[in-house]
Structure formats: structure tokens, C-alpha cells
Amino acid sequence: MNVTMQSKKLLKPSIPTPNHLQKLNLSLLDQIQIPFYVGLIFHYETLSNNSHITLAKLESSLSETLTLYYHVAGRYNGTDCVIECNDQGIGYVVTTFDVELHQFLVGEESNNLDLLVGLSGFLSETEIPPLAAIQVNMFKCGGLVIGAQFNHIIGDMFTMSTFMNSWAKACRHGIKEVTHPTFGLAPLMPSAKVLNIPPPPSFEGVKFVSKRFVFNGNAITRLRKEATEEDGDDQKKKRLSRVDLVTAFLSKTLIEMDCAKKEQTKSRPSLMVHMMNLRKRTKLALENDVSGNFFTVVNAESKITVAPKITDLTESLGSARGEIISEVAKVDDAEVVSSMVLNSVREFFYEWGKGEKNVLVYTSWCRFPLYEVDFGWGIPSLVDTTAVPFGLIVLMDEGPTGDGIAVRACLSEHDMIQFQQHHQLLSYVS
């Protein structure tokens, strides 16, 4: 397989950012993010023959979109906790592959992910790297894959998915049809000089491996039935979400692995960590589509150390999430929300670094409109994500239709060998 880089550049906004917008203060919730890059990969297997969208249109509409999301084309100033909106641009690369897309997908998975997003070197070879990079990959069959990487400092998955849909809409209908983003978090939740939270643990020297597993709709139904039979309360199981079911099932698998690894009959207490979008959940005077990082950490502890049931774990998740939802729904003071988020992150980082609990980190992107990103040749056939430099399990919609869940698991190489061979996992995933 040969890959040819057709073009490589820093793409700037089509119109210079006005002077009064050249500094964007970051909020406290932006400040506390681990500054890694989140990858998104959109597969378009068959482009519409009557599409008027060209590579030139794809590039020009992205440049126009950056006039609205001007901070994405800027550079992060960690000293002052601001983004310098100086129009230095985002990485933009166009490549061609001399194989068909289906042939490419058969290859080594982790290497393929890197090829789709990381060929430019912009994010690793620059002293002050861009906050985002886009790679457009064309295949022999006429299929196309768009790889995107965003620094988590500039926003959460709500923000990233909104950016991608804004770009797609600008490509289809023109920039005038795109809704302007709002930046209301920093004035309400300004950054702090002292955070007083422990740093996340260092995973230097640990090799992480990423693999995708799919729980289709039938598997979710079977999993719900298993949970029902475990507990015997059919009515309670019907209320369980697919995200909680899959999270609990994966947690049960990882807890069993942890016991086996330590050659013990009992496991350590476990902490399941999930991220929860805070938009529409508080009484703060914010737009529902506010850009930036506006989510909290849900820490769900399970003290059951011997053979936890799926329902034990879903109850821990539901209880922890319900408590936060109830608390934030009453709050109209941004300082209180900031304090609540900081406390949750502080607990997460403390337990993660201490190592006494089995910390299992999840995030769910289900229901985010990633499968609505249509540049003019139809919606993507598959949306995926890339590996990260720590243990993380991402839950996504299985595809544009259906009730399944795709899991992108990033685990240490040692753990992944055991995980992908676990008999219970193999009985549910495809």
C-alpha cells in the first residue's frame, strides 16, 4: 500500500480575525483538561455521483468555518490561560491511497488509524502546535475518509461535533447558513491561578493498544436479558440504558481481569468514571449550545469485590449520576458549579494516581450528531476515533441507524491481550 501526500499546509480563516477577538479567555473547565488530542474519523464509502462538492470546496468551506470558530485557528498560551486567536491556522493535509477503502480496513487497525489522521506531523513536530488538524484521505474506489484531531482544551465532544457539522453545512449550503458559536463559559467560570488538584498519573513507558468492538442491537437485547436473569427484577432492567449496560458489562470483565492478574479471589474496589454533559442541566444563564468544555466527571464506586453482577454496577452508575443531576439542576451560581466539577475531577485524579482502586475510565459519545456530518455526498457510513495515551473506553453509536454500541477500547498492550480473548466479551461482540 502506498500513501501519497498531495498537499500539506496551515489553513487559515478566510477573513482575518478582528482585533477585539484576538484573545479568548479559557474557562476553569477548559483549564483542567488533559491537553491531549481527540481524534475523529469519518468514513464515506461511496460518494454521490451528482455531488457538486470538490476538494477545493471542502477546503474553502473549512477556511470560512474558521472565521466563526476563530479560536481553533489560534494557539494556546498556557501561561495566561488564553487562546491567542492569531490566525496561524490548523493543519490541513490531503492524501491519496492506492488501495480501496475496504482493503485498507482489513489491515492492522492501530496503524491504519494513525495513517488517517497523523501524517502531517503538525501536532508533534511544531513547538507550539495547532489546536486542530484535518486530513482528507482519498481511496482508489472513490471513497473518502476525513480524519480530524482537536486539542481537548478547546472543547468537549459536543463542541467538536458541532464544529464538524458547521463545516459540513458550510460546504453544502454556504457559511451564511451556519449558526455562530457562543463563548459564554469563561466570564462565568474564569480560570484560576491555583487549581489545587493532583496531576493525572504518568503512563510513561506504557504501550497502549486500541481496538474496536461492536455490540449490535441483538447483543444489547441479550445483555439486558442477562441482567434481568441475574437480578430477577424484569421491570428494573427495562429502564437500564444501553450505555449503562455496556459500561457495566465491560467493567465486570475488567474487574475479573484485575483479579486474575493479581491471582486473587477478590478484586480491589473499583471506580467507574464517566463524563456527563452539563448543557441544559443547570440554571446558569448560558446558551444550550455554548462552546468549550462544559461537562463533569461522574465517579461511581463499587465496593463489591467478589463477582459483581451487571446490576450491581449499573446501580452504582445510576446512583452517582442521579445525585449529580439532582444537585446541578438546582444551581444558578456558576461558582458552585465550578466547585462541584473541580471536586469530581479532584477525586478522579487522586484515585487514578493513587492506584489502590481499579479506575475504569469511560466516555459516551452516543447521541452526539456525529453521523449527521454530511458534506454533500451523504452521511458517513462509519464514525470512529483514535487511540489516546492512557486507558480509556469510548462508547459510540454503532452506525447511522440501529441501537447498537461501538466500543473503542484503549488499554495497555498486556491488558488488551486478555481483554480481546475474554470468553464473555467474545460472546457478545462482533
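Residues numbered from 1 in each chain as written. Predicted model: local features only at pLDDT ≥ 70, side-chain atom pairs only at ≥ 80, totals over all residues. Heavy atoms only, no water.

The chain is annotated in an unreviewed UniProt entry as Acetyl-CoA:benzylalcohol acetyltranferase from Clarkia concinna. One UniProt comment on the chain, placed under Sequence similarities (unreviewed entry), says "Belongs to the plant acyltransferase family." (UniProt positions renumbered as here; feature names shortened; annotations may be inferred.)

Caption draft 1: Representation of the sheet that holds strand β5 (residues 82-84) in the model. One open sheet accounts for three strands, arranged β2-β5-β4; its pairing is antiparallel. The two strands at the open ends of the sheet, each matched to only one other strand, are β2 (23-25) and β4 (75-77). Taken over all neighbouring pairs, the strand axes of this sheet differ in orientation by 30 degrees on average, direction set aside. In this structure, β2 lies alongside β5, joined through three bridges in antiparallel fashion. When the sheet's bridge partners are listed, K23 is paired in β5 with E84. (Pairing = 2+ DSSP bridges. Helix = DSSP H or I, 4+ residues; strand = E, 2+ residues; numbered from the N terminus. Axes fitted to C-alpha atoms, helices over the stretch in contact; angles between N-to-C directions.)

Caption draft 2: Broad picture of the environment of G292. Take G292: it is sitting in the loop between β10 (270-277) and β11 (295-302). G292 sits 133 residues away from L425 along the chain, and the two C-alpha atoms are 35 Å apart. G292 has contacts with D30, I154, G155, D156, T159, L185 and R279, leaving out every residue within four places of it along the chain. (Contact = heavy atoms within 4.5 Å.)

Caption draft 3: Layout of helix α10 (residues 242-261). Taking 1.5 Å as the rise per residue, α10 with 20 residues should run 28 Å; its terminal C-alpha atoms sit 28 Å apart, in good agreement. Within α10, 17 of the 20 residues are buried, which leaves it mostly tucked inside the rest of the structure. (Expected span 1.5 Å × (residues − 1). Buried < 20%, exposed > 50% of the residue type's maximum accessible area, 1.4 Å probe, protein only.)

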